[in-house]
Amino acid sequence: GSRLEETFPDSNALMGVAIFGLQEDLVRPAEQALWVLLGAVGFVLLMACTNVANLLLARGASREGEFALRVALGAGRAPIFWQLLTESVILALLGGGFGWAVAAWGTDGLLALAPDVGLPGMEEIGLDGRILLFTGLVTLGTGIVFGFFPAMRISSSDVYSGVRNGTGGRKLGGRVRNGLVVSQVAMALVLLVGAGLLIRSFQRLNAADLGFDPEGVLTVSL
């Protein structure tokens, strides 16, 4: 390409060769948008996880008196810990299963609404084993991570003093829950700002002066 440009400067000026892999060439028009979409979905997932954590903490704090009484009657701390952790994991897995069903239905619905959107590899969009594995790992991790703290709190040795003093886990658990609420609000704000910027950009694109009238113009790609 460079030799042709030097040999025929009149007809080959500023003409060269650019080589791209097929995969890169196919996904380049939508790559940035898909990464932005993945980031937005990740933020929504984090918000859902923090919401679940808050609910588990509140649920654990409300049951401190119950478990303190059970320990006082002779129940071991280890069985209580594993019971709470198992409950959290089961709830998370049930939520993940419901989410999987909604995702399967929603994916088919979205593809039916936009059959000609032109997204590369659109015919391959769907749920497969990798998505199922990811869903299982996320739900299992959510149940373990966010069920571990309330389980540790309730099975700890100072639960008696908290119940006796009428405070329970409100002080420590309250700080954690407040932190989770702050995180949720922060992530929601990021999503809202991003959505507002995208809507504003879309409005500007629609209102942009193209410099020509596209009515009746036909374009063909070979």
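The structure we're discussing is the one just above.
So, a few notes on the structure that sits alongside this text.

### Examining the overall build of the protein chain
Then step 1. Summing up its helical and strand segments, the protein chain has eight helices and zero strands in all.
Then step 2. In sequence order, the protein chain lays out its α and β elements as α-α-α-α-α-α-α-α.
Then step 3. Taken over 222 residues, the protein chain has a buried fraction of 20%.
Then step 4. Of the contacts formed within the protein chain by residues at least 6 apart in sequence, a portion of 75% connects residues at least 24 apart.
Then step 5. Split by element, the accessible area of the protein chain, about 16100 Å² in all, is 68% carbon and sulfur.

### A word on unusual backbone geometry
Then step 1. Even without glycine at this site, Leu-14 takes up a positive phi of about 60°.
Then step 2. With a relative accessible area of 83%, Leu-14 lands in the exposed category.

### Quick word on the nonpolar core
Then step 1. Residues Phe-67, Val-71, Ile-80, Phe-81, Leu-84, Leu-85 and Ala-151 constitute the largest nonpolar core, which totals seven residues.
Then step 2. Looking at this core, the elements that each hand over two or more residues are helix H4 (64-72) and helix H5 (77-113).
Then step 3. Considering every element that reaches this core, the biggest residue donor is H5, with four residues.

### Structural notes on the side chain of Asn-12
Then step 1. Mapped onto the fold, Asn-12 is located in helix H2 (residues 9-12).
Then step 2. A distance of 3.0 Å separates a polar atom in the side chain of Asn-12 from a polar atom in the side chain of Ser-11.

### Some thoughts on the environment of Val-181
Then step 1. Looking at the secondary structure, you find Val-181 in helix H8 (residues 170-207).
Then step 2. Judged by its relative accessible area of 39%, Val-181 falls in the partly exposed class.

### Overview of H4
Residues spaced three or four apart along an α-helix point in a common direction, a consequence of the helix completing one turn every 3.6 residues.
Then step 1. Turning to H4, its buried residues are Glu-64, Phe-67, Ala-68 and Val-71. Each buried residue of H4 sits inside an arc of 105° when the element is viewed along its axis, so together they form one side.
Then step 2. Looking one or two residues past H4, Gly-74 carries a phi angle of roughly 115°, positive in sign.

### Some thoughts on a nonpolar patch on the surface
Then step 1. Where nonpolar side chains cluster on the molecular surface, the patch consists of Leu-93, Leu-140, Ile-144 and Val-145 and spans about 320 Å² of accessible area.
Then step 2. Ranked by residues supplied to the nonpolar patch, first place goes to helix H6 (residues 129-154) with three residues.
Then step 3. Within the element layout of this structure, Leu-93 appears in helix H5.
Then step 4. Given a relative accessible area of 42%, Leu-93 falls into the partly exposed group.

Parameters and conventions
- Residues numbered from 1 in each chain as written.
- Predicted model: local features only at pLDDT ≥ 70, side-chain atom pairs only at ≥ 80, totals over all residues.
- Heavy atoms only, no water.
- Helix = DSSP H or I, 4+ residues; strand = E, 2+ residues; numbered from the N terminus.
- Buried < 20%, exposed > 50% of the residue type's maximum accessible area, 1.4 Å probe, protein only.
- Contact = heavy atoms within 4.5 Å.
- Areas by Shrake-Rupley, 256 points an atom, 1.4 Å probe, with all protein chains shown as cover.
- Core = buried A, V, L, I, M, F, W, Y, C linked by side-chain atoms within 4.5 Å.
- Polar contact = N/O pair within 3.5 Å; in protein donor to acceptor, adjacent residues only side chain to side chain.
- Arc of directions from axis to C-beta.
- Patch = residues over 30% accessible without salt bridge, like charges linked within 9 Å, V, L, I, M, F, W, Y side chains within 5 Å.
- Salt bridge = Lys/Arg side-chain N within 4 Å of Asp/Glu carboxyl O.

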